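Residue-level structural notes
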Amino acid sequence: MTVGQQTADETATPARGWGLNTWDSPWLNFKFLLGVAIVGLILLFGLLGPLFWDTDLAYTGAGPLNKPPVWQEGGLPEHPLGTESNGRDMLAQLILATPSSLKVGFLAAIIGMGIGMVLGSVAGYVGGWWDHVIRTLSDSAVTIPALVVLVVIASYVQMTDTTAMALILAAFAWPGPTRLVRSQILTLRERSYVRMAHLSGAPALEIMFVEMLPNMLPWLAASLTGGISVAILGATGLEVLGLGPTRVPSLGLIINQATTNAALVRGLVWWWLPPIIILMVIFVGFFLMTIGLDEIANPRIRQFSSSRRERSAAGEAPPVEHMDGGSAAGRDAALEVDDLHVHYFTPRGEVIAANGVDFSVRKGEILGLVGESGCGKTTVAMAILQVVQAPGRIVQGEVRIEDQDLVSLSGKELREVRWRDLALVPQGAMNSLNPVTPIREQMGDAILAHENIGRVELEQRILGLLNDVGLPERVINMYPHELSGGMKQRVCIAMAIALNPQVIIADEPTSALDVVVQRVVAQTLLEVKDRLGVSMVMIGHDMGLQAQLVDRIAVMYAGNLVEVVPVESAFSEPLHPYTQLLIESIPSIKERKPLNVTEGLTHDLRNPPPGCIFQFRCQHVEQICRERRPDLVERDDDHLVACWLYEPERHALIELEEA
Ligand code: SF4
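Residues numbered from 1 in each chain as written. Predicted model: local features only at pLDDT ≥ 70, side-chain atom pairs only at ≥ 80, totals over all residues. Heavy atoms only, no water.

Looking at an unreviewed UniProt entry, one finds the protein chain named Dipeptide/oligopeptide/nickel ABC transporter permease/ATP-binding protein, with Caldilineaceae bacterium SB0664_bin_27 as its source organism.

Set out below in structure tokens:
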């Protein structure tokens, strides 16, 4: 199969998206819609009521006193819900009071949400002491008994209208949204698509509003609807206590007047019960909206349909032909990593994640960077991209592309280099694309961050890139969840090659994909490399995949490079004992053999031992291995290894010197 061909799921009719206009949109959640309908009806009652009913009847002396509703004996048709002790029409009062109560809730919750979004964004994105101060304030604020404080404030402050009341309520409505926005930003900023946007040079505000905010919307909406309910409850509580505005009709004020006029004991049920029923219906409506939005915010709902398509793709995708990695020996270096040291400064000590890593990637070459989990290969990749996350830091070394040391570049200079010279195909494509942004925009943003081109040219460019990775043109208008895992990963590859970079870092690009799709993605990478002549660092631990793709393999163990070897030699004559164990541990379907497990544990990365870092797990360990660190030296043509077994002369010389 070639890149131009498509897997079965790619040729199938695409599923509809989850935008608001589509039938399978998660926004069409039954509970959410029922809640919207209930709140909408209540709103319509308040807003359209004055068009159909004379609201002047809501004022004192407008009608007879204490008349029951029309369906009870003595009720009057001109007062269908009855009148109270001051002759006011109950229906007219409810029509005026309902929007008033809703207005307080909406205003207070929106103001609180606005404050929370600003503070939460600053705390989550800027961090540092801003985060410390805002977190302390919001954590302290939630411990304050809001209703008690509100009662005290309302006793001293004369609230003349609903806006004043909403402002006071908003003072207690911001901590929840602040904490929510902060935690969401802290989560989202680690997502691959946010890091991709950062790498592509997008400014912070654009990342915030384009990449993060749309993904927070369901949570923010759920918080807002919950906040409206709480604000209405707070306002009603104050009104029932007689602490709200008295000149503006509200549901709480009606209950207050019914209570003070002993409506309960006098049997005037129609006075106090209707406002309570309306309040309960409002709460039920907002409650349904909130839990509906919670379900929408749950990502499992979004993943369901795409994971189903993913499974079907596994069974239908055609097999791929054998891949030839080719040779790259003798070509110039596109990327040079020189004596790279990366340390993580944790509260428990300094973790040495990369310890003097040295390698180069030749032009048009794929270098595989392999090793077990935690060996430092992803740290090295992040260090090459200059995006090592705190508490990690590059403490020494250089990363050069065309003699330009990336470690010494400023943030602005790095933004120009990334994507243009150095691009990333991230791990886990499902998290690497923004789920609420169509592919057209995501690819377009990456290009426009570096080039100023028109709309038509941009579209042609995107279509060309999709074609380069074997995706149909319709993908340009699709959302990530409409694509299979393999298609998403190919979109990531298309984005990586958008600016013709010299070097691509592919961070386990086939992880979390089924084996057939893995091979399709791998072949796409290989064809892209052959066509564009780009160099790649392919990070992974699947030795079988590495065998088919890469030109040379660099083996890492505990932050150290222990062997760099042409791919054929890695499998036919691995030299380092750790590489030998890695190769032996590959399961075979041809030969029944016990699974070869690498015994022992890696040493504590905070305290590397003197001597060879593999000494605790090595079957060939000698005294010198415990005392002196072996250098990475060339043993055969293009084959480097760090092991005393292959330095007998130097070993003997050292023994002689010591004697
Ligand atoms: S240097 Fe010694 S301990 Fe290290 S891998 Fe070689 S033989 Fe084993």
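Notes on the overall build of the protein chain
Looking only at helices and strands, one finds 23 helices and 12 strands in the protein chain. Evaluated residue by residue, the protein chain yields a buried proportion of 51% over its 659 residues. The contacts in the protein chain between residues at least 6 apart in sequence include a share of 70% that link residues at least 24 apart. Of the roughly 30,000 Å² that the protein chain leaves accessible, carbon and sulfur atoms contribute 59%. (Helix = DSSP H or I, 4+ residues; strand = E, 2+ residues; numbered from the N terminus. Buried < 20%, exposed > 50% of the residue type's maximum accessible area, 1.4 Å probe, protein only. Contact = heavy atoms within 4.5 Å. Areas by Shrake-Rupley, 256 points an atom, 1.4 Å probe, with all protein chains shown as cover.)

What about the UniProt feature "transmembrane region" (unreviewed entry) in the protein chain?
Here, the residues flagged by UniProt with the feature "transmembrane region" (unreviewed entry) are residues 32-53, 104-128, 140-157, 217-238 and 269-293. The span residues 32-53 shows a helical share of 95% and a strand share of 0%, and its end C-alpha atoms are spaced 30 Å apart. Segment residues 269-293 splits into 100% helix and 0% strand. End C-alpha atoms: 36 Å apart. (UniProt positions renumbered as here; feature names shortened; annotations may be inferred.)

Observations concerning the side chain of Asp 507
By the element assignment, Asp 507 lies in strand β7 (residues 503-507). Residues within four places of Asp 507 in sequence aside, it is in contact with Thr 378, Met 382, Leu 424, Val 425, Pro 426, Gln 427 and Ile 539.

Thoughts on the packing of helix α7 (residues 175-188) against helix α9 (residues 204-240)
At a minimum axis distance of 10 Å, the contact between α7 and α9 shows a crossing angle of 140 degrees. Considering their axes alone, α7 and α9 lie oblique with respect to each other. Handedness of the crossing formed by α7 with α9: right-handed. Across the interface between the two elements, Pro 177, Leu 180, Val 181, Gln 184, Ile 185 and Leu 188 of α7 pack against Met 208, Met 212, Asn 215, Met 216, Trp 219, Leu 220 and Ser 223 of α9. Classifying every residue of the contact of α7 with α9 gives 10 nonpolar, 3 polar and no charged. (Axes fitted to C-alpha atoms, helices over the stretch in contact; angles between N-to-C directions. Parallel < 35°, antiparallel > 145°, perpendicular 65-115°, else oblique. Left-handed = near helix turned anticlockwise from the far one by under 90°. Nonpolar A, V, L, I, M, F, W, Y, C, P; charged D, E, K, R; others polar.)

Some thoughts on the pairing of strand β2 (residues 349-362)
Pairing of strand β1 (residues 333-346) with β2, which is carried by 11 bridges, proceeds in the antiparallel orientation. Bridge pairing in β2 places Glu 336 opposite Ser 360. Hairpin connection from β1 to β2: 2 residues lie between these consecutive antiparallel strands. (Pairing = 2+ DSSP bridges.)

Some remarks on the pairing of β1
Judged from the 7 bridges that link them, β1 and strand β4 (residues 392-401) form a sheet pairing that is antiparallel. When the sheet's bridge partners are listed, Val 342 is paired in β4 with Ile 394.

Side note on the sheet that holds strand β3 (residues 366-370)
The 8 strands lie next to each other as β6-β7-β8-β3-β9-β10-β12-β11, forming an open sheet whose pairing is mixed. This sheet does not close on itself; its edge strands, each paired only once, are β6 (422-425) and β11 (633-636). The sheet shows a mean angle of 25 degrees between the axes of neighbouring strands, taken without regard to direction. Examined bridge by bridge, strand β9 (residues 552-557) and strand β10 (residues 560-566) share 6 bridges and lie antiparallel to one another. Within β10, the position partnered with Arg 552 by the bridge is Pro 566. Along the sheet, helix α13 (residues 377-385) makes contact with β3, β6, β7, β8 (535-540) and β9, crossing β7 at roughly 150 degrees. Packing of helix α21 (residues 577-584) onto the sheet brings it into contact with β3, β9 and β10, and relative to β9 it is tilted by some 110 degrees.

Here's the deal with a negative patch on the surface
A cluster of like negative charges, contributed by Glu 573, Glu 634, Asp 636 and Asp 637, occupies part of the molecular surface. Looking at where Glu 573 falls in the secondary structure, it is placed in the loop between α20 (567-572) and α21. For Glu 573, a relative accessible area of 41% puts it in the partly exposed group. (Patch = residues over 30% accessible without salt bridge, like charges linked within 9 Å, V, L, I, M, F, W, Y side chains within 5 Å. Salt bridge = Lys/Arg side-chain N within 4 Å of Asp/Glu carboxyl O. Lys, Arg positive; Asp, Glu negative; His and termini not counted. Charge placed at Lys NZ, Arg CZ, Asp CG, Glu CD.)

Concerning α13
Within α13, 8 of the 9 residues are buried, which leaves it mostly tucked inside the rest of the structure. Here α13 has its buried residues at Lys 377, Thr 379, Val 380, Ala 381, Met 382, Ala 383, Ile 384 and Leu 385. Looking one or two places after α13, you find Gln 386, whose phi comes out positive at around 60 degrees.

Side note on helix α6 (residues 162-170)
Along α6, the residues classified as buried are Thr 162, Met 165, Ala 166, Ile 168, Leu 169 and Ala 170. As for α6, its buried residues are in contact with α3 (90-126), α5 (146-156) and α9.

Quick notes on a nonpolar patch on the surface
On the surface, Leu 41, Leu 44, Leu 47, Leu 48, Leu 51 and Phe 52 cluster together into a nonpolar patch covering about 680 Å² of accessible area. Taking relative accessible area as the criterion, Leu 44 reaches 44% and is therefore assigned partly exposed.

Points about the pattern of salt bridges
For the structure shown, the criterion picks out 16 salt bridges. Here Arg 461 and Glu 451 are joined by a salt bridge, their closest N and O atoms 2.9 Å apart. Of this pair, Arg 461 sits in helix α16 (residues 455-468) while Glu 451 sits in the loop between α15 (439-448) and α16; the two residues are 10 residues apart in sequence, bridging distant segments of the chain. Here the salt bridges share partners, and the residues they tie into one network are Glu 336, Asp 338, Glu 398 and Arg 400.

Description of the packing of aromatic side chains
Within the structure shown, the criterion is met by 5 aromatic pairs. Ring centres of Phe 106 and Phe 286 lie 5.9 Å apart, and the angle between their planes is 65 degrees; on these two criteria the pair is classed as edge-to-face. Taken together, the residues span a long stretch of sequence, with Phe 106 in helix α3 and Phe 286 in helix α11 (residues 269-297) at a distance of 180 residues. (Phe/Tyr/Trp six-rings, centres within 6.5 Å; stacked < 30°, edge-to-face > 60°.)

A word on the sheet that holds β4
Spatially, 4 strands are ordered β2-β1-β4-β5 in an open sheet, and the strand pairing comes out antiparallel. Among the strands making up the open sheet, the edge pair consists of β2 and β5 (404-405). This element, α13, spans β1, β2 and β4 of the sheet and lies at about 115 degrees to β1.

Things to note about the confidence of the model for the protein chain
Predicted confidence across the protein chain gives a mean pLDDT of 80, with 85% of residues reaching 70 or more. The lowest-confidence element of the protein chain is helix α12 (residues 299-316), averaging 38 in pLDDT; the highest-confidence one is β9, averaging 93. Under a pLDDT of 50 for its full length, residues 1-24 has, in the predicted model, 67 contacts with residues more than four places off or in other chains. In the predicted structure, residues 299-330 sits below a pLDDT of 50 and forms 58 contacts with residues beyond four places in sequence or in another chain. (pLDDT = per-residue confidence, 0-100.)

Concerning the environment of Gly 244
Along the chain, Gly 244 falls in the loop between α9 and α10 (251-260). Along the sequence, Gly 244 and Met 165 sit 79 residues apart, while their C-alpha atoms lie 7.2 Å from each other.

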